[in-house]
Amino acid sequence: MKETILHIGFDDTDSTKGMCTTFLAYKIVEYLKKEKVKFLDYPYLIRFNPNVPWKTRGNGAVALKISTSKPVLIKKNIIQFITKHSAVEDGANPGLVFYENKEIPKHFSEFGKIALCDIVSRKKAKEFVSQNNLESFYIGNGQGLVGAIGAIGYGFRDFTYELISYRHESNFGKKRLIFKDSVKTMQKATFPQTFNNFDESKDRVLIAPHGPDPVFFGVRGEDVDSVIRGASLVNSKEKFHGYMVFRSNQGTGDHLLTELDSKNLKPFSSGFLIGKVLEKPKIERGGHAFFSIDTDGIKTNCAVYKPTGLTSKTSKLIKGDLVKVGGGIRKASKNHERILNIEFFEVLKLEKNLVSKNPICSKCKKHMKSRGRGQGYECKKCVQMSQNKILKEIPRDLEEKLYLPMPSAHRHLTRPLQRINRFNTTIKFDNSKKWFCNPN
Ligand SMILES: [Zn+2]
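Overview of the structure. Model, not experiment: these values are computed from the prediction. (Residues numbered from 1 in each chain as written. Predicted model: local features only at pLDDT ≥ 70, side-chain atom pairs only at ≥ 80, totals over all residues. Heavy atoms only, no water.)

**Remarks on the pairing of strand β13 (residues 270-277)**
Right, on to step 1. Here β13 lies mainly inside the structure; six of its eight residues are buried.
Right, on to step 2. Two strands pair when backbone bridges link them, and β13 and strand β17 (residues 322-330) are joined in this way by seven bridges, in the antiparallel orientation. Counterpart to I274 in the pairing with β17 is K324.
Right, on to step 3. By the bridge criterion, two bridges tie β13 to strand β15 (residues 288-295) in an arrangement that is antiparallel. (Buried < 20%, exposed > 50% of the residue type's maximum accessible area, 1.4 Å probe, protein only. Helix = DSSP H or I, 4+ residues; strand = E, 2+ residues; numbered from the N terminus. Pairing = 2+ DSSP bridges.)

Below you can see the structure in the form of C-alpha coordinates.
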(Lines give C-alpha, C1' and ligand atoms only; values in the text may rest on other atoms or scores of the structure.)
Protein backbone atom coordinates (compact mmCIF):
# COMPACT_ATOMS: atom_id res chain seq x y z
CA MET A 1 0.00 0.00 0.00
CA LYS A 2 1.07 3.55 -0.68
CA GLU A 3 2.73 5.21 2.26
CA THR A 4 2.22 8.89 2.97
CA ILE A 5 4.19 11.18 5.26
CA LEU A 6 2.02 12.81 7.86
CA HIS A 7 2.98 15.68 10.16
CA ILE A 8 0.79 16.05 13.23
CA GLY A 9 0.91 19.10 15.50
CA PHE A 10 -1.16 19.93 18.55
CA ASP A 11 -1.14 22.41 21.37
CA ASP A 12 -3.04 23.84 24.31
CA THR A 13 -4.71 20.64 25.45
CA ASP A 14 -3.67 21.05 29.07
CA SER A 15 -4.71 23.20 31.98
CA THR A 16 -3.29 24.09 35.36
CA LYS A 17 -5.57 21.49 36.96
CA GLY A 18 -4.31 18.34 35.33
CA MET A 19 -3.59 16.89 31.90
CA CYS A 20 -0.52 17.76 29.96
CA THR A 21 0.05 18.05 26.23
CA THR A 22 3.09 15.75 26.41
CA PHE A 23 1.04 13.04 28.13
CA LEU A 24 -1.52 13.20 25.38
CA ALA A 25 1.38 12.80 22.94
CA TYR A 26 2.51 9.73 24.89
CA LYS A 27 -0.99 8.23 24.62
CA ILE A 28 -1.16 9.05 20.91
CA VAL A 29 2.24 7.46 20.25
CA GLU A 30 1.08 4.38 22.17
CA TYR A 31 -1.86 4.22 19.79
CA LEU A 32 0.28 4.85 16.68
CA LYS A 33 2.61 2.02 17.68
CA LYS A 34 -0.41 -0.31 17.64
CA GLU A 35 -1.22 0.93 14.14
CA LYS A 36 2.35 0.00 13.16
CA VAL A 37 3.13 3.39 11.65
CA LYS A 38 6.74 4.23 10.89
CA PHE A 39 8.15 7.05 13.02
CA LEU A 40 10.42 9.42 11.11
CA ASP A 41 11.68 11.50 14.04
CA TYR A 42 11.40 11.70 17.80
CA PRO A 43 8.30 13.55 18.97
CA TYR A 44 8.92 17.30 19.16
CA LEU A 45 8.27 19.25 22.34
CA ILE A 46 8.42 22.90 21.36
CA ARG A 47 8.18 25.72 23.86
CA PHE A 48 6.88 29.00 22.51
CA ASN A 49 7.01 32.54 23.88
CA PRO A 50 6.92 32.14 27.68
CA ASN A 51 5.82 35.75 28.05
CA VAL A 52 2.38 35.42 26.47
CA PRO A 53 -0.36 36.14 28.99
CA TRP A 54 -2.65 33.18 28.30
CA LYS A 55 -0.19 30.27 28.46
CA THR A 56 -1.05 27.35 30.69
CA ARG A 57 2.15 26.07 32.21
CA GLY A 58 4.98 26.02 29.77
CA ASN A 59 3.41 27.10 26.48
CA GLY A 60 4.55 23.80 24.98
CA ALA A 61 3.31 22.21 21.77
CA VAL A 62 3.96 18.75 20.33
CA ALA A 63 4.59 17.52 16.80
CA LEU A 64 4.89 14.00 15.39
CA LYS A 65 6.23 12.91 12.02
CA ILE A 66 5.15 9.53 10.72
CA SER A 67 4.77 7.48 7.58
CA THR A 68 1.56 5.52 7.21
CA SER A 69 -0.65 3.77 4.67
CA LYS A 70 -3.87 4.67 6.49
CA PRO A 71 -3.77 8.43 7.14
CA VAL A 72 -7.55 8.83 7.11
CA LEU A 73 -8.10 6.41 9.97
CA ILE A 74 -5.21 7.83 11.96
CA LYS A 75 -6.38 11.42 11.61
CA LYS A 76 -9.87 10.43 12.69
CA ASN A 77 -8.57 8.66 15.79
CA ILE A 78 -6.21 11.46 16.78
CA ILE A 79 -9.08 13.92 16.63
CA GLN A 80 -10.90 11.60 19.03
CA PHE A 81 -7.92 11.56 21.39
CA ILE A 82 -7.75 15.35 21.44
CA THR A 83 -11.50 15.65 21.95
CA LYS A 84 -11.60 13.11 24.74
CA HIS A 85 -8.47 14.09 26.68
CA SER A 86 -8.21 17.89 26.43
CA ALA A 87 -8.98 19.88 29.55
CA VAL A 88 -11.50 22.06 27.72
CA GLU A 89 -13.72 22.59 30.76
CA ASP A 90 -10.67 24.01 32.58
CA GLY A 91 -9.96 26.56 29.89
CA ALA A 92 -7.83 24.69 27.35
CA ASN A 93 -8.24 25.74 23.72
CA PRO A 94 -6.80 22.74 21.88
CA GLY A 95 -5.67 23.02 18.29
CA LEU A 96 -4.60 20.22 15.94
CA VAL A 97 -3.18 20.36 12.44
CA PHE A 98 -2.26 17.70 9.89
CA TYR A 99 0.07 18.26 7.01
CA GLU A 100 0.61 15.52 4.47
CA ASN A 101 3.81 16.12 2.57
CA LYS A 102 7.41 14.98 2.74
CA GLU A 103 8.96 18.39 3.20
CA ILE A 104 7.59 21.28 5.20
CA PRO A 105 7.79 24.64 3.39
CA LYS A 106 9.96 27.34 4.95
CA HIS A 107 7.12 29.66 5.91
CA PHE A 108 6.04 27.13 8.56
CA SER A 109 9.28 27.68 10.44
CA GLU A 110 8.92 31.44 9.96
CA PHE A 111 5.50 31.20 11.59
CA GLY A 112 7.04 29.20 14.46
CA LYS A 113 9.79 31.76 14.88
CA ILE A 114 7.25 34.53 15.42
CA ALA A 115 5.33 32.39 17.93
CA LEU A 116 8.61 31.90 19.80
CA CYS A 117 9.18 35.53 20.68
CA ASP A 118 5.98 37.37 19.93
CA ILE A 119 2.22 37.12 20.02
CA VAL A 120 0.48 35.38 17.17
CA SER A 121 -3.27 35.87 17.03
CA ARG A 122 -5.60 32.96 16.44
CA LYS A 123 -6.88 34.90 13.45
CA LYS A 124 -3.38 34.68 11.90
CA ALA A 125 -3.27 30.97 12.66
CA LYS A 126 -6.65 30.37 11.03
CA GLU A 127 -5.53 32.36 7.96
CA PHE A 128 -2.38 30.23 7.78
CA VAL A 129 -4.49 27.06 7.94
CA SER A 130 -6.68 28.11 5.01
CA GLN A 131 -3.85 29.57 2.91
CA ASN A 132 -1.87 26.33 3.18
CA ASN A 133 -4.80 23.94 2.88
CA LEU A 134 -4.02 22.40 6.23
CA GLU A 135 -6.43 19.99 7.77
CA SER A 136 -7.18 21.36 11.18
CA PHE A 137 -9.36 20.79 14.17
CA TYR A 138 -9.90 22.90 17.23
CA ILE A 139 -12.10 23.29 20.27
CA GLY A 140 -12.74 26.57 22.05
CA ASN A 141 -11.25 29.70 20.52
CA GLY A 142 -8.57 27.98 18.43
CA GLN A 143 -5.57 29.49 20.22
CA GLY A 144 -3.94 26.05 20.16
CA LEU A 145 -3.59 26.23 16.38
CA VAL A 146 -0.68 28.66 16.79
CA GLY A 147 1.55 26.14 18.56
CA ALA A 148 0.28 23.25 16.45
CA ILE A 149 1.45 24.96 13.24
CA GLY A 150 4.65 26.26 14.83
CA ALA A 151 5.61 22.84 16.19
CA ILE A 152 5.33 20.82 12.98
CA GLY A 153 7.49 23.23 11.06
CA TYR A 154 9.85 24.21 13.85
CA GLY A 155 13.25 25.21 12.45
CA PHE A 156 15.79 24.02 15.00
CA ARG A 157 18.90 26.16 15.29
CA ASP A 158 19.89 23.94 18.20
CA PHE A 159 18.01 21.30 20.15
CA THR A 160 18.07 19.18 23.29
CA TYR A 161 16.20 16.11 24.44
CA GLU A 162 13.88 15.49 27.33
CA LEU A 163 12.81 12.11 28.63
CA ILE A 164 9.47 12.57 30.35
CA SER A 165 8.17 9.74 32.51
CA TYR A 166 4.50 9.41 33.39
CA ARG A 167 2.70 8.17 36.48
CA HIS A 168 0.22 5.39 36.90
CA GLU A 169 -3.22 6.92 36.97
CA SER A 170 -3.72 5.74 40.57
CA ASN A 171 -0.90 8.11 41.59
CA PHE A 172 -2.19 11.25 39.84
CA GLY A 173 -2.42 14.07 42.36
CA LYS A 174 -0.28 12.33 44.98
CA LYS A 175 3.06 13.66 46.21
CA ARG A 176 6.02 12.50 44.14
CA LEU A 177 8.51 10.65 46.34
CA ILE A 178 11.82 10.92 44.55
CA PHE A 179 15.04 10.35 46.51
CA LYS A 180 17.00 13.56 46.44
CA ASP A 181 20.37 11.85 46.70
CA SER A 182 19.72 9.77 43.61
CA VAL A 183 19.07 12.95 41.61
CA LYS A 184 22.28 14.51 42.91
CA THR A 185 24.21 11.36 41.99
CA MET A 186 22.57 11.25 38.59
CA GLN A 187 23.52 14.87 37.95
CA LYS A 188 27.16 14.16 38.79
CA ALA A 189 27.24 10.94 36.78
CA THR A 190 25.76 12.43 33.62
CA PHE A 191 27.14 16.02 33.63
CA PRO A 192 27.49 17.77 31.19
CA GLN A 193 25.32 15.52 29.02
CA THR A 194 22.22 16.30 31.10
CA PHE A 195 21.24 19.63 32.65
CA ASN A 196 19.06 21.29 35.28
CA ASN A 197 18.34 18.19 37.35
CA PHE A 198 19.29 19.61 40.69
CA ASP A 199 19.85 23.12 42.05
CA GLU A 200 22.81 22.90 44.40
CA SER A 201 22.36 26.46 45.67
CA LYS A 202 18.78 25.73 46.74
CA ASP A 203 19.29 22.01 47.50
CA ARG A 204 16.26 21.36 45.35
CA VAL A 205 15.25 18.61 42.91
CA LEU A 206 14.32 20.20 39.56
CA ILE A 207 13.22 17.18 37.53
CA ALA A 208 9.74 16.77 39.00
CA PRO A 209 6.74 19.08 38.79
CA HIS A 210 4.53 19.63 41.82
CA GLY A 211 1.09 19.78 40.27
CA PRO A 212 -1.62 17.19 39.65
CA ASP A 213 -0.46 16.46 36.09
CA PRO A 214 0.54 12.94 34.95
CA VAL A 215 4.24 13.81 34.57
CA PHE A 216 6.41 11.96 37.07
CA PHE A 217 9.77 13.52 36.18
CA GLY A 218 11.76 14.73 33.20
CA VAL A 219 15.47 14.48 32.43
CA ARG A 220 16.94 16.96 29.95
CA GLY A 221 20.11 16.44 28.02
CA GLU A 222 22.19 16.53 24.89
CA ASP A 223 21.49 13.05 23.51
CA VAL A 224 18.99 10.21 23.80
CA ASP A 225 21.34 7.77 25.55
CA SER A 226 22.18 10.28 28.28
CA VAL A 227 18.59 11.10 29.18
CA ILE A 228 17.70 7.39 29.28
CA ARG A 229 20.72 6.68 31.46
CA GLY A 230 19.90 9.68 33.67
CA ALA A 231 16.33 8.48 34.19
CA SER A 232 17.56 4.99 35.10
CA LEU A 233 19.61 6.50 37.94
CA VAL A 234 16.63 8.23 39.56
CA ASN A 235 15.35 6.30 42.56
CA SER A 236 11.87 6.73 43.94
CA LYS A 237 9.23 4.93 45.94
CA GLU A 238 6.89 5.20 42.98
CA LYS A 239 7.45 3.32 39.73
CA PHE A 240 6.57 5.15 36.56
CA HIS A 241 4.09 3.88 33.99
CA GLY A 242 6.31 4.57 31.01
CA TYR A 243 8.28 7.33 29.31
CA MET A 244 8.89 9.09 26.03
CA VAL A 245 11.90 11.02 24.73
CA PHE A 246 11.24 14.32 22.95
CA ARG A 247 13.41 16.46 20.71
CA SER A 248 13.02 19.95 22.09
CA ASN A 249 14.02 23.59 21.90
CA GLN A 250 14.28 23.67 25.70
CA GLY A 251 17.56 25.00 27.02
CA THR A 252 18.38 26.79 23.76
CA GLY A 253 17.53 30.36 24.78
CA ASP A 254 16.08 30.80 21.31
CA HIS A 255 13.21 33.04 22.44
CA LEU A 256 15.72 35.76 23.36
CA LEU A 257 17.66 35.89 20.07
CA THR A 258 15.75 38.75 18.50
CA GLU A 259 16.81 42.31 19.16
CA LEU A 260 13.85 44.28 20.47
CA ASP A 261 12.98 47.68 19.06
CA SER A 262 13.50 50.06 21.98
CA LYS A 263 11.33 52.67 20.24
CA ASN A 264 8.44 50.24 20.06
CA LEU A 265 8.50 47.59 22.76
CA LYS A 266 5.58 45.30 22.10
CA PRO A 267 3.88 44.00 25.24
CA PHE A 268 4.53 40.27 25.80
CA SER A 269 7.29 40.07 23.22
CA SER A 270 10.63 38.45 24.12
CA GLY A 271 14.14 39.35 23.02
CA PHE A 272 17.14 41.42 23.98
CA LEU A 273 18.39 44.99 24.09
CA ILE A 274 21.86 46.49 24.34
CA GLY A 275 22.32 49.76 26.16
CA LYS A 276 24.09 51.83 28.78
CA VAL A 277 22.93 51.71 32.37
CA LEU A 278 21.41 55.10 33.23
CA GLU A 279 21.60 54.92 37.02
CA LYS A 280 22.59 52.62 39.82
CA PRO A 281 19.84 49.99 40.25
CA LYS A 282 17.44 50.45 43.14
CA ILE A 283 16.32 47.54 45.26
CA GLU A 284 12.66 48.02 46.05
CA ARG A 285 9.97 46.37 48.13
CA GLY A 286 10.12 42.60 47.93
CA GLY A 287 13.82 42.69 47.06
CA HIS A 288 13.36 43.27 43.33
CA ALA A 289 15.88 45.45 41.48
CA PHE A 290 14.96 48.19 39.02
CA PHE A 291 17.08 50.26 36.67
CA SER A 292 16.95 51.67 33.18
CA ILE A 293 19.17 51.56 30.14
CA ASP A 294 19.70 53.86 27.21
CA THR A 295 19.63 52.45 23.68
CA ASP A 296 20.26 55.06 20.97
CA GLY A 297 18.72 57.75 23.14
CA ILE A 298 15.68 55.68 24.12
CA LYS A 299 15.17 54.76 27.76
CA THR A 300 13.96 51.28 28.74
CA ASN A 301 13.00 50.31 32.27
CA CYS A 302 14.24 46.94 33.44
CA ALA A 303 13.20 44.76 36.38
CA VAL A 304 15.06 41.91 38.00
CA TYR A 305 12.91 39.80 40.29
CA LYS A 306 14.25 38.40 43.52
CA PRO A 307 13.60 34.69 42.80
CA THR A 308 16.02 34.86 39.85
CA GLY A 309 18.88 35.21 42.33
CA LEU A 310 20.29 37.92 40.06
CA THR A 311 19.47 41.00 42.13
CA SER A 312 22.73 41.00 44.12
CA LYS A 313 24.68 41.05 40.86
CA THR A 314 22.51 43.59 39.04
CA SER A 315 22.66 45.93 42.03
CA LYS A 316 26.40 46.24 41.38
CA LEU A 317 25.85 47.87 38.01
CA ILE A 318 26.68 51.56 37.78
CA LYS A 319 25.85 54.38 35.40
CA GLY A 320 27.68 53.92 32.12
CA ASP A 321 28.02 50.14 32.13
CA LEU A 322 27.26 48.67 28.71
CA VAL A 323 24.92 45.70 29.07
CA LYS A 324 22.92 43.25 27.02
CA VAL A 325 19.64 42.39 28.72
CA GLY A 326 17.24 39.64 27.65
CA GLY A 327 13.67 39.03 28.72
CA GLY A 328 10.01 39.68 28.13
CA ILE A 329 8.11 42.96 27.93
CA ARG A 330 5.54 43.44 30.64
CA LYS A 331 2.50 45.43 29.62
CA ALA A 332 2.08 48.87 31.14
CA SER A 333 -0.68 49.28 33.70
CA LYS A 334 -2.07 52.06 35.86
CA ASN A 335 0.68 51.55 38.42
CA HIS A 336 3.72 50.84 36.33
CA GLU A 337 5.23 51.63 32.98
CA ARG A 338 6.12 49.14 30.31
CA ILE A 339 9.11 47.21 31.59
CA LEU A 340 11.57 44.55 30.47
CA ASN A 341 11.58 41.62 32.89
CA ILE A 342 15.14 40.38 32.84
CA GLU A 343 15.88 36.68 32.17
CA PHE A 344 19.61 37.23 31.71
CA PHE A 345 22.08 40.09 31.60
CA GLU A 346 25.53 40.26 30.14
CA VAL A 347 28.06 42.93 31.04
CA LEU A 348 29.71 43.93 27.76
CA LYS A 349 31.84 46.78 29.10
CA LEU A 350 32.33 47.85 32.68
CA GLU A 351 32.55 51.56 33.33
CA LYS A 352 35.40 52.72 35.60
CA ASN A 353 33.99 53.42 39.03
CA LEU A 354 35.68 56.74 39.84
CA VAL A 355 35.02 58.69 43.00
CA SER A 356 36.48 62.08 43.77
CA LYS A 357 38.43 62.35 47.00
CA ASN A 358 40.42 65.05 48.74
CA PRO A 359 44.04 65.08 47.50
CA ILE A 360 46.71 63.13 49.41
CA CYS A 361 49.78 64.81 50.84
CA SER A 362 52.85 63.46 49.07
CA LYS A 363 54.95 63.60 52.25
CA CYS A 364 52.54 62.41 54.97
CA LYS A 365 50.38 60.14 52.75
CA LYS A 366 47.26 61.50 54.46
CA HIS A 367 44.17 63.04 52.88
CA MET A 368 44.25 66.85 52.96
CA LYS A 369 41.44 68.89 54.42
CA SER A 370 39.37 71.45 52.55
CA ARG A 371 40.30 75.08 53.19
CA GLY A 372 36.77 76.21 52.50
CA ARG A 373 34.77 76.65 49.38
CA GLY A 374 36.94 77.32 46.30
CA GLN A 375 40.12 77.67 48.39
CA GLY A 376 41.73 74.29 47.76
CA TYR A 377 43.09 71.78 50.25
CA GLU A 378 45.87 71.67 52.79
CA CYS A 379 47.68 69.06 54.88
CA LYS A 380 47.02 69.63 58.54
CA LYS A 381 50.45 68.24 59.48
CA CYS A 382 52.93 69.86 57.08
CA VAL A 383 50.82 72.61 55.52
CA GLN A 384 51.38 71.40 51.96
CA MET A 385 48.62 72.66 49.67
CA SER A 386 46.77 71.49 46.58
CA GLN A 387 44.01 73.04 44.46
CA ASN A 388 42.08 70.05 43.12
CA LYS A 389 40.37 66.90 44.25
CA ILE A 390 41.73 63.61 42.95
CA LEU A 391 39.83 60.75 41.26
CA LYS A 392 40.15 57.36 42.79
CA GLU A 393 39.17 54.16 40.97
CA ILE A 394 37.15 51.68 43.03
CA PRO A 395 37.54 48.07 41.87
CA ARG A 396 34.35 46.65 40.40
CA ASP A 397 32.77 43.61 42.01
CA LEU A 398 31.33 42.52 38.67
CA GLU A 399 32.85 40.93 35.58
CA GLU A 400 32.39 41.38 31.85
CA LYS A 401 30.41 38.18 31.42
CA LEU A 402 26.98 36.62 31.22
CA TYR A 403 24.83 36.37 34.35
CA LEU A 404 21.97 33.86 34.48
CA PRO A 405 19.24 33.17 37.04
CA MET A 406 19.80 30.27 39.40
CA PRO A 407 18.69 26.93 37.89
CA SER A 408 15.50 26.76 39.99
CA ALA A 409 14.39 30.04 38.36
CA HIS A 410 15.13 28.90 34.81
CA ARG A 411 12.32 28.79 32.30
CA HIS A 412 12.02 25.84 29.91
CA LEU A 413 13.77 27.84 27.22
CA THR A 414 16.57 29.31 29.35
CA ARG A 415 19.98 28.32 28.00
CA PRO A 416 21.89 27.01 31.03
CA LEU A 417 25.49 28.06 31.61
CA GLN A 418 26.83 24.62 30.69
CA ARG A 419 25.16 24.94 27.26
CA ILE A 420 26.81 28.24 26.35
CA ASN A 421 28.50 27.63 22.98
CA ARG A 422 27.06 24.14 22.74
CA PHE A 423 24.83 23.47 19.75
CA ASN A 424 23.17 20.30 18.47
CA THR A 425 22.42 20.91 14.83
CA THR A 426 22.35 17.58 13.00
CA ILE A 427 18.85 16.17 13.05
CA LYS A 428 19.23 12.40 13.21
CA PHE A 429 16.67 9.83 14.21
CA ASP A 430 17.66 6.41 15.50
CA ASN A 431 14.62 4.22 15.93
CA SER A 432 16.69 1.48 17.55
CA LYS A 433 17.03 3.63 20.66
CA LYS A 434 14.46 2.96 23.33
CA TRP A 435 12.85 6.39 23.01
CA PHE A 436 9.39 5.10 23.93
CA CYS A 437 8.73 2.80 26.86
CA ASN A 438 5.30 1.58 27.75
CA PRO A 439 4.13 -1.57 29.52
CA ASN A 440 1.27 -2.23 27.09
ZN1 LIG B 1 51.69 66.58 54.86
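**What to know about the nonpolar core**
Right, on to step 1. Ranked by size, the top nonpolar core spans 77 residues in total, and within it I8, F10, I28, L32, I78, I149 and F217 carry the most contacts.
Right, on to step 2. With eight residues, the top contributor of residues to this core is helix α1 (residues 21-34).
Right, on to step 3. With sequence-adjacent residues up to four places away left out, F10 is seen in contact with T21, L24, A25, I28, A61, V62, L64, I82, G95, L96 and A148.
Right, on to step 4. Grouped together as the second largest cluster of nonpolar side chains are 21 residues, F291, V323, F345 and L350 included. (Core = buried A, V, L, I, M, F, W, Y, C linked by side-chain atoms within 4.5 Å. Contact = heavy atoms within 4.5 Å.)

**Some thoughts on helix α4 (residues 122-131)**
Helical geometry note: an α-helix holds 3.6 residues per turn, so side chains three or four residues apart project in the same direction.
Right, on to step 1. The set of residues buried in α4 consists of A125, F128 and V129. Down the axis of α4, the buried side of the element spans an arc of 100°, and every buried residue falls inside it. Exposed side of α4, more than 90 degrees from the buried face: K123, K124, S130 and Q131 are the residues found there.
Right, on to step 2. On its buried face, α4 is in contact with β5 (95-100), α3 (106-117), β6 (135-138) and α5 (144-152). (Arc of directions from axis to C-beta.)

**What to know about the coordination of the zinc ion**
Right, on to step 1. Those donors, C361 (SG), C364 (SG), C379 (SG) and C382 (SG), are the protein atoms that reach the zinc ion, and they lie 2.2 to 2.4 Å from it.
Right, on to step 2. Counting residues between consecutive donors of the zinc ion along the chain gives the motif C-x2-C-x14-C-x2-C. Linking C361 in the loop between β19 (353-357) and β20 (369-370) with C379 in the loop between β21 (377-378) and β22 (385-386), this pair joins segments that are 18 residues apart in sequence.
Right, on to step 3. Under the relative-accessibility criterion, C361 is labelled buried at 0%. (Donors = N, O, S within 2.8 Å, 3.2 Å for Na, K, Ca; no water.)

**Considerations on the packing of aromatic side chains**
Right, on to step 1. Under the counting rule described, the total for this entry stands at 24 aromatic pairs.
Right, on to step 2. Ring geometry for Y44 against F156: centres 5.0 Å apart, planes inclined by 80°, an arrangement best described as edge-to-face. Taken together, the residues Y44 in strand β3 (residues 44-47) and F156 in the loop between α5 and β7 (160-166) connect sequence positions 112 residues apart.
Right, on to step 3. Classification of Y44 as buried rests on a relative accessible area of 12%.
Right, on to step 4. Against the face of F272 rests K324, its NZ or CZ located 4.5 Å from the ring centre.
Right, on to step 5. The ring of F423 has R415 lying over it, and the distance from NZ or CZ to the ring centre is 4.6 Å. (Phe/Tyr/Trp six-rings, centres within 6.5 Å; stacked < 30°, edge-to-face > 60°. Lys NZ or Arg CZ within 6 Å of the ring centre and 35° of its normal.)

**Quick look at α3**
Right, on to step 1. In this model α3 runs 18 Å from its N-terminal to its C-terminal C-alpha over 12 residues, within 8% of the 16 Å that 1.5 Å per residue would give.
Right, on to step 2. Listed in full, the buried residues belonging to α3 are F108, F111, G112, A115, L116 and C117. (Expected span 1.5 Å × (residues − 1).)

**Side note on the sheet that holds β21**
Right, on to step 1. Spatially, β20-β21-β22 is the arrangement adopted by the three strands of the open sheet, whose pairing is antiparallel. Across the chains shown, the open sheet's two edge strands, defined by having one partner strand only, are β20 and β22.

**Quick look at the pairing of strand β11 (residues 215-221)**
Right, on to step 1. Burial analysis of β11 places seven of its seven residues in the buried class, which makes it a mostly covered element.
Right, on to step 2. By the bridge criterion, six bridges tie β7 to β11 in an arrangement that is antiparallel. When the bridges of β11 are listed, S165 appears paired with F217.

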